[in-house]
Structures are given as C-alpha cells and as structure tokens.
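Spelled out, the chains give:
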Amino acid sequence: MSRSPAPTPATTATTYAERLSLPWWLWLAGPALGGFLALELWLGAGGLRAWLPFVVLLPATVAALWWLGRVRVAVADGELRVDDARLPVRFVADAVPLDAAGRREVLGVGADPLAFVVQRPWIAGAVQVVLDDPDDPTPFWVVSTRDPVRLAAALLAARDASPSSPA
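What counts and what doesn't
- Residues numbered from 1 in each chain as written.
- Predicted model: local features only at pLDDT ≥ 70, side-chain atom pairs only at ≥ 80, totals over all residues.
- Heavy atoms only, no water.
- Helix = DSSP H or I, 4+ residues; strand = E, 2+ residues; numbered from the N terminus.
- Buried < 20%, exposed > 50% of the residue type's maximum accessible area, 1.4 Å probe, protein only.
- Core = buried A, V, L, I, M, F, W, Y, C linked by side-chain atoms within 4.5 Å.
- Contact = heavy atoms within 4.5 Å.
- Axes fitted to C-alpha atoms, helices over the stretch in contact; angles between N-to-C directions.
- Parallel < 35°, antiparallel > 145°, perpendicular 65-115°, else oblique.
- Left-handed = near helix turned anticlockwise from the far one by under 90°.
- Nonpolar A, V, L, I, M, F, W, Y, C, P; charged D, E, K, R; others polar.
- pLDDT = per-residue confidence, 0-100.
- Pairing = 2+ DSSP bridges.

Participant: Would you mind showing me how to read the overall build of the protein chain here?
Facilitator: Helices and strands together make up the secondary structure of the protein chain, namely 4 helices and 8 strands. Taking all 167 residues of the protein chain together, the buried fraction comes to 35%.

This is the structure in structure tokens:
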C-alpha cells in the first residue's frame, strides 16, 4: 500500500469558460471551398501532380478551421484568460457587455490602437474590459463572447471577490 497523501480538491475556481468555436456551417463550407480549389488545380495537371492539391489543400483547410476556432475565454483563479493572454481581475475597472452594434462602435473608426482585441467575426457579442493599471498603456480589452452579459458579470464578481481588489 502506498503512503501517498490523499488528493486535495482542485483550487481552480472557474466562474466562466467558453471556446470561440466556428459555426457548423463553416465546417461544411470551408472544406467544400478547399475541395473546389483543389479540383480547379487538378484539372490543369496530370499524373501524380494531379492529386497533390487534394493532399495539401484539404488537410490545410481543416487545420486552418481548427486553428480559427481554438481560442478559449475563461475567468478562473482571479484572472481573465483569453487564449494565451492573462489579465488579473484586480486591474479590471469595468466590464461592459456589447452587442454587434456596440462592438462595431468600439472597434470602428475611432478605436484606440493600444486596445487588446480578440475578435471573431462569426460571434456577434463581445465584452469591453476597461483597465485600471497605471503601468499598462492598454486602455481596455475587447473580447468576443457568445454570452457577453454572463462574462461581464463573472469578471465583476471575480474582481469583487479578489482579496487585492481596490474597494
């Protein structure tokens, strides 16, 4: 019998998690478009070179679609995680849910070039996270999400529950 200690409960407190995956129709249209392009190239070649477009373009299309839908958004362990970027919630001044029109306004002509943006055009909603960090030139983050109200509420709740948040 081993003398290893009993496993401790996980300390990860995830209050929001989402993957910004592609819609189902794009998984159909993308390979169809890649196949059509491979077919066009196939018509102009003969022999072994004729199948090379199918061998290259179809897997490349599927890989590109997977890469586009890989981004994860989470509020866990006192930070906002967007793909590889991490923002401690103690620096969150406000979180504003945006619909499609609000996102277009924030990211439009008068957008701040220093803002951190993770935007997926197939997702209408977003959250603008206003920062309160004097050492960071980034004024705000804009993050695509399918449920902006829930993400904003999770961010503000995590900020308020953070022991180092300004009261």
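Text resumes after the structure shown.
Participant: Explain the nonpolar core here, please?
Facilitator: The nonpolar side chains of soluble globular proteins are, as a tendency, buried together. One finds V73, V75, L80, V82, V129, W141 and L155 to be the most contacted residues of the largest nonpolar core, which totals 24 residues. Secondary structure elements with two or more residues in this core: β2 (72–76), β3 (79–82), β4 (85–88), β5 (92–98), β7 (126–131), β8 (140–144) and α4 (148–161). In terms of residue count, the dominant contributor to this core is α4 (5 residues). Non-local contacts of V73, meaning those with residues more than four positions away in its chain, are made with Y16, A17, E18, L20, L80, R81, V82, V143, S144 and L151. Core analysis: the second largest hydrophobic core is formed by 6 residues, L98, V106, F140 and V142 among them.

Participant: What exactly am I supposed to notice about the packing of helix α1 (residues 24–43) against helix α2 (residues 52–68) here?
Facilitator: At their nearest, the axes of α1 and α2 sit 9 Å apart, and the two run at 155 degrees to each other. Our classification of the angle between α1 and α2 gives roughly antiparallel. The interaxial crossing formed by α1 with α2 has right-handed handedness. Along the contact surface, α1 presents L26, W27, G30, P31, G34, G35, L37, A38, L39, L41 and W42, while α2 presents P53, F54, L57, L58, T61, V62, L65 and W66. Counted by class, the contact of α1 with α2 contains 15 nonpolar, 4 polar and no charged residues.

Participant: I'm lost on the confidence of the model for the protein chain in this one. Help?
Facilitator: Close inspection of predicted coordinates is inappropriate for parts of the model with low pLDDT. Per-residue pLDDT for the protein chain averages 86, and the proportion of residues at 70 or more is 90%. Segment residues 1–12 is flagged for pLDDT under 50; beyond a separation of four residues in sequence, or across chains, it makes 3 contacts in the model.

Participant: Sorry if this is basic, but what is going on with the pairing of β2 here?
Facilitator: Each regular strand carries side chains that alternate between the two faces of the sheet. The buried fraction of β2 amounts to 4 of the 5 residues, a majority that puts the element mostly inside the structure. Across 4 bridges, the pairing between β2 and β3 is antiparallel. Bridge pairing links A74 to R81 in β3. Counting the residues between successive antiparallel strands, the hairpin from β2 to β3 contains 2 residues, one of them, D77, with a positive phi of roughly 50 degrees.

Participant: Can you walk me through the sheet that holds β3 in this structure?
Facilitator: Paired through backbone hydrogen bonds, the strands of a sheet run either parallel or antiparallel to each other. Strand order in the open sheet formed by 4 strands is β1-β2-β3-β4, and the pairing between neighbours is antiparallel. In this open sheet, the two strands that pair with only one neighbour each are β1 (14–19) and β4. Within this sheet the neighbouring strands show an average axis-to-axis angle of 10 degrees, counted without direction. Contacts from α4 reach β1, β2 and β3 within the one sheet, and its direction differs from that of β2 by about 35 degrees.

Participant: Even after reading the chapter, I still don't get the sheet that holds β7, so can you show me in this structure?
Facilitator: Pairing within the open sheet is mixed, and its 4 strands lie in the order β5-β7-β8-β6. Unpaired on one side and paired on the other, β5 and β6 (116–118) mark the two borders of the sheet. Going from strand to strand, the sheet's axes swing by 10 degrees on average, the running direction of each strand aside. By the bridge criterion, 5 bridges tie β7 to β8 in an arrangement that is antiparallel. Bridged to V130 within β8 is F140. Helix-sheet contacts for α4 involve β5 and β7, and the interaxial angle to β5 is about 170 degrees.

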